[in-house]
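Chain by chain, the residues run as shown.
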Amino acid sequence: MTPPPPTALHMEAVAALELLTVPQVMARLQLGRSAVYDLLRSGQLASITLGRARRIPSHALTDFIHTRLEQEAA
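Below you will find a few notes about this structure. (Residues numbered from 1 in each chain as written. Predicted model: local features only at pLDDT ≥ 70, side-chain atom pairs only at ≥ 80, totals over all residues. Heavy atoms only, no water.)

So, the overall build of the protein
Item 1. A tally of regular secondary structure across the protein gives 4 helices and 3 strands.
Item 2. Beginning at the N terminus, the succession of helices and strands in the protein can be written as α-β-α-α-β-β-α.
Item 3. Relative to its 74 residues, the protein shows a buried fraction of 19%.
Item 4. Within the protein, residue pairs in contact and separated by at least 24 positions form 48% of the contacts whose partners lie at least 6 positions apart.
Item 5. Total accessible area computed for the protein in this model is approximately 5700 Å², and 59% of it derives from carbon and sulfur atoms. (Helix = DSSP H or I, 4+ residues; strand = E, 2+ residues; numbered from the N terminus. Buried < 20%, exposed > 50% of the residue type's maximum accessible area, 1.4 Å probe, protein only. Contact = heavy atoms within 4.5 Å. Areas by Shrake-Rupley, 256 points an atom, 1.4 Å probe, with all protein chains shown as cover.)

Rendered as structure tokens:
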């Protein structure tokens, strides 16, 4: 029996679970390493730690960007 084809909802759930490395976030935000770690330390950008590795869920990066856009618009 073959699994059903992925749906748009399934693909969205998978994308939401994508974990980014600090260098990936640096590239996406065009910020330096220290700036990204400052965002993590201040709690503005959520992350998890797996062993010694820091990972940022892609939805956390999206939430951060939306929050900043709302702050800039206010």
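Focus: the sheet that holds strand E2 (residues 48–50)
Item 1. Strand order in the open sheet made by the 3 strands is E1-E3-E2, with antiparallel pairing throughout. Pairing within the sheet leaves two strands with one partner each, and these edge strands are strand E1 (19–20) and E2.
Item 2. Direction of pairing for E1 relative to strand E3 (residues 53–57): antiparallel, over a ladder of 2 bridges. Note on E3: the bridge partner recorded for Leu 19 is Pro 57.
Item 3. Seen against the sheet, helix H4 (residues 58–73) touches E1 and E3 and runs at an angle of roughly 60 degrees to E3. (Pairing = 2+ DSSP bridges. Axes fitted to C-alpha atoms, helices over the stretch in contact; angles between N-to-C directions.)

A word on a nonpolar patch on the surface
Item 1. On the surface, Leu 19, Ile 48 and Leu 50 cluster together to form a nonpolar patch covering roughly 240 Å² of accessible area.
Item 2. Mapped onto the elements, Leu 19 comes out in strand E1.
Item 3. Residue Leu 19 is classed as partly exposed on the basis of its relative accessible area of 36%. (Patch = residues over 30% accessible without salt bridge, like charges linked within 9 Å, V, L, I, M, F, W, Y side chains within 5 Å. Salt bridge = Lys/Arg side-chain N within 4 Å of Asp/Glu carboxyl O.)

So, the nonpolar core
Item 1. Of all hydrophobic cores here, the largest spans 12 residues; its members are Leu 20, Val 22, Val 25, Leu 29, Val 36, Leu 39, Leu 40, Leu 45, Ile 56, Ala 60, Leu 61 and Phe 64.
Item 2. Going through the elements one at a time, helix H2 (22–29), helix H3 (33–42) and H4 are the ones with two or more residues in this core.
Item 3. With sequence-adjacent residues up to four places away left out, Val 36 is seen in contact with Val 22, Val 25, Met 26 and Leu 31. (Core = buried A, V, L, I, M, F, W, Y, C linked by side-chain atoms within 4.5 Å.)

That is the geometry; function is a separate question.
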